[in-house]
Amino acid sequence: MNTKRKLGVGVLGAHTWAEKAHLPGYAADPRVDLVAICDVVPERANAMAAMFGVRKVYSDPQALVNDPAIEMVDVCTPTDTHLELGLAAIAAGKHVLCEKPIARDAADAVRLARAAQAAGVRTKVGFTFRYSPALRQIRAWIADGTLGQIFHIHGLEQNSQFLDPLFPLRQVPAGIDFMPKHPIPQSIVGYGSHLVDLMRWMGGEFSSVAASMSSYIPQRIVRGYEGLQRINADDGTVALVEFASGAQGMLQTSIVAVGSYPGIEIRVYGSKAAAVGRLVTERGDAETLHFATAENVEFEPVILPASHYPPGTSLKTEWRELYYRNLVRIWVGELLEDGPPDGDFHDGAKSQEIVDACVRAHVERRWVDLPSGGHG
Ligand SMILES: NC(=O)c1ccc[n+]([C@@H]2O[C@H](COP(=O)([O-])OP(=O)(O)OC[C@H]3O[C@@H](n4cnc5c(N)ncnc54)[C@H](O)[C@@H]3O)[C@@H](O)[C@H]2O)c1
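Residues numbered from 1 in each chain as written. Predicted model: local features only at pLDDT ≥ 70, side-chain atom pairs only at ≥ 80, totals over all residues.

What to know about the overall build of the chain
Within the chain one finds 10 helices and 17 strands. At 20 Å, the chain has a C-alpha radius of gyration in line with the 21 Å of a compact globule built from 376 residues. In terms of overall dimensions, the chain has C-alpha extents of about 55 × 50 × 45 Å along its principal axes. Counting all 376 residues of the chain, 48% fall into the buried class. Long-range pairs, those at least 24 residues apart, make up 70% of the contacts in the chain between residues at least 6 apart in sequence. (Helix = DSSP H or I, 4+ residues; strand = E, 2+ residues; numbered from the N terminus. Rg over C-alpha atoms; globule rule 2.2 N^0.38 Å. Buried ≥ 20, exposed ≤ 12 C-beta atoms within 10 Å, placed from the backbone. Contact = placed C-beta atoms within 7 Å.)

This is how it looks when you write it as structure tokens:
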């Protein structure tokens, strides 16, 4: 282990999420050398380089990928570009962090996972909420038996970010029919890819899902299009889950449920105890954690020690920065110290497979079993 060695990082995409989450995470970690940033809109890359002290700027992603000083490529570009850029980075032998969803469907996500495995590079998905100190504590309580046998897992990711039709809908695939018979998968993709990953991380493999998707806002501004568009997009999805362990789950994703962002809540009920993690900023705290036991059924708040937070952060740190600084802390540790994988492309592919199964369950009005075949 060489704790003095720095990790050479190159970031693809220099806009919203790079500025709010990725770059603050790297800039705060002394083990990171921010070598280069690239955007096809060069002024964005220049602005981010100046703001976060990045040494080089590229406008051609392949040039960044080829830079020998870069050991890890961070793909923080629109979803439709992830497959191509991820494969390019893997082909160059670089470790890759890719934003979620890593691909548009499970087949492409599996392609990425397999390419990384064959190349012997390490991967991570931008599953932001795995790096919540509260949710990591619940995961630890499940793993060490504190909660006992897990019976029920409830997962919510709901907020009103897109309640206003004038707030542009993002990540809609280019050129698609806006009025298909069934809603265009939206909340179940953007929010669901996080949520089903968290539920699978807590409860193990899903064995079957039944789901319903609904559209509530008939016209919206869609990023990249002029004026209001009539659009049948999934504003909310509900699903029932059977886990391979026998546990039951239920989940909801909604982009139109009144409440603050990110609006995640995970409740896990076991034979010995139960825990609730709520990732909703309230009275300045980024999240809360509550715990109850079979003997003391009144949920009590749990205050975690400072070691659960990246240096210089606390519950008062803005949630994007808190979770991404923790993600970077753990990911850089994985790479420099050969730690166990945590939220890699295999997990990204499994998440995508579950999202696809929820959509199929809605369209075909039936339970859909998992795994859907092709990968384990
Ligand atoms: N993990 C999370 O919680 C979370 C939150 C928000 C966004 N995201 C994900 O992060 C990704 C980026 O989102 P965003 O909101 O920053 O998008 P954005 O559209 O604001 O920014 C993307 C940037 O990438 C650039 N770009 C496009 N193609 C490129 C290419 N081939 N090479 C280099 N640069 C290129 C664009 O010019 C743009 O500046 C998306 O996949 C989104 O789903 C994840």
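A word on the site of the ligand
Surveying the vicinity of the ligand reveals 24 residues, the closest of which are Gly13, His15, Thr16, Trp17 and Glu99. The element that contributes the greatest number of residues to the shell around the ligand is helix H1 (residues 16–27), accounting for three residues. (Near = placed C-beta within 6 Å.)

Regarding the sheet that holds strand E13 (residues 262–270)
Strand order in the open sheet formed by nine strands is E16-E15-E14-E13-E7-E12-E11-E8-E17, and the pairing between neighbours is mixed. Edge positions in the sheet fall to strand E16 (300–301) and strand E17 (368–369), since each of these pairs with one other strand and no more. In terms of strand pairing, strand E7 (residues 150–158) meets E13 through seven bridges, oriented antiparallel. The residue bridging Ile153 from the neighbouring strand is Val268, located in E13. (Pairing = 2+ DSSP bridges.)

Structural notes on helix H9 (residues 319–337)
Relative to the 27 Å expected for 19 residues at 1.5 Å per residue, H9 spans 26 Å between its end C-alpha atoms, a close match to the ideal helical length. Turning to H9, its buried residues number three or more, namely Trp319, Leu322, Tyr323, Tyr324, Arg325, Asn326, Leu327, Val328, Trp331 and Val332. Phi for Asp338, located one or two positions after H9, is positive at around 55°. (Expected span 1.5 Å × (residues − 1).)

Observations concerning the packing of H1 against H9
Running from N to C, H1 and H9 point in directions that differ by 50°, and their axes come no closer than 8 Å. When the interaxial angle is binned, H1 and H9 end up oblique. Crossing of H1 against H9: the hand is right-handed. Between H1, through Lys20, Ala21, His22, Pro24, Gly25 and Tyr26, and H9, the contact on the second element is made entirely by Arg320, Glu321, Tyr324, Arg325, Leu327 and Val328. Taken together, the residues of the contact of H1 with H9 sort by class into six nonpolar, two polar and four charged. (Axes fitted to C-alpha atoms, helices over the stretch in contact; angles between N-to-C directions. Parallel < 35°, antiparallel > 145°, perpendicular 65-115°, else oblique. Left-handed = near helix turned anticlockwise from the far one by under 90°. Nonpolar A, V, L, I, M, F, W, Y, C, P; charged D, E, K, R; others polar.)

Re the pairing of strand E11 (residues 236–243)
In this sheet, E11 lies alongside strand E8 (residues 206–214) in antiparallel orientation, the contact comprising eight bridges. Across the sheet, the residue bridging to Met213 is Thr237, located in E11. Of the pairings in the sheet, the one linking E11 to strand E12 (residues 248–254) comprises seven bridges and is antiparallel in character. Paired with Glu242 across the bridge in E12 is Gln248. The loop that links E11 with its antiparallel partner E12 comprises four residues; one of these, Gly246, has a positive phi angle of about 100°.

Considering the nonpolar core
The tendency in soluble globular proteins is for nonpolar side chains to be buried side by side. Formed by 107 residues in total, the largest nonpolar core has its most connected members in Ile37, Val209, Val268 and Cys358. Looking at this core, you find at least three residues from each of domain 1 (7–129) and domain 2 (131–315 + 344–369). Dropping the residues within four chain positions of it, Cys358 is found in contact with Ile188, Gly192, Val209, Ala211, Thr237 and Ala239. (Core = buried A, V, L, I, M, F, W, Y, C linked by C-beta atoms within 7 Å. Domains from an automatic or database assignment.)

Quick notes on unusual backbone geometry
The omega angle of the peptide bond from Lys100 to Pro101 is -15°, so this bond is cis rather than trans. Residue placement: Pro101 occurs in the loop between strand E5 (95–98) and helix H5 (106–119). Residue Pro262 follows Tyr261 across a cis peptide bond; omega there is 0°. Within the secondary structure, Pro262 sits in strand E13. Of note in the backbone geometry, Arg283 takes a positive phi value of approximately 50° without being a glycine. Structurally, Arg283 is set in the loop between strand E14 (273–280) and strand E15 (288–293). Unusually for a residue other than glycine, Arg365 sits at a positive phi of about 50°. Mapping Arg365 onto the fold places it in the loop between helix H10 (345–364) and E17.

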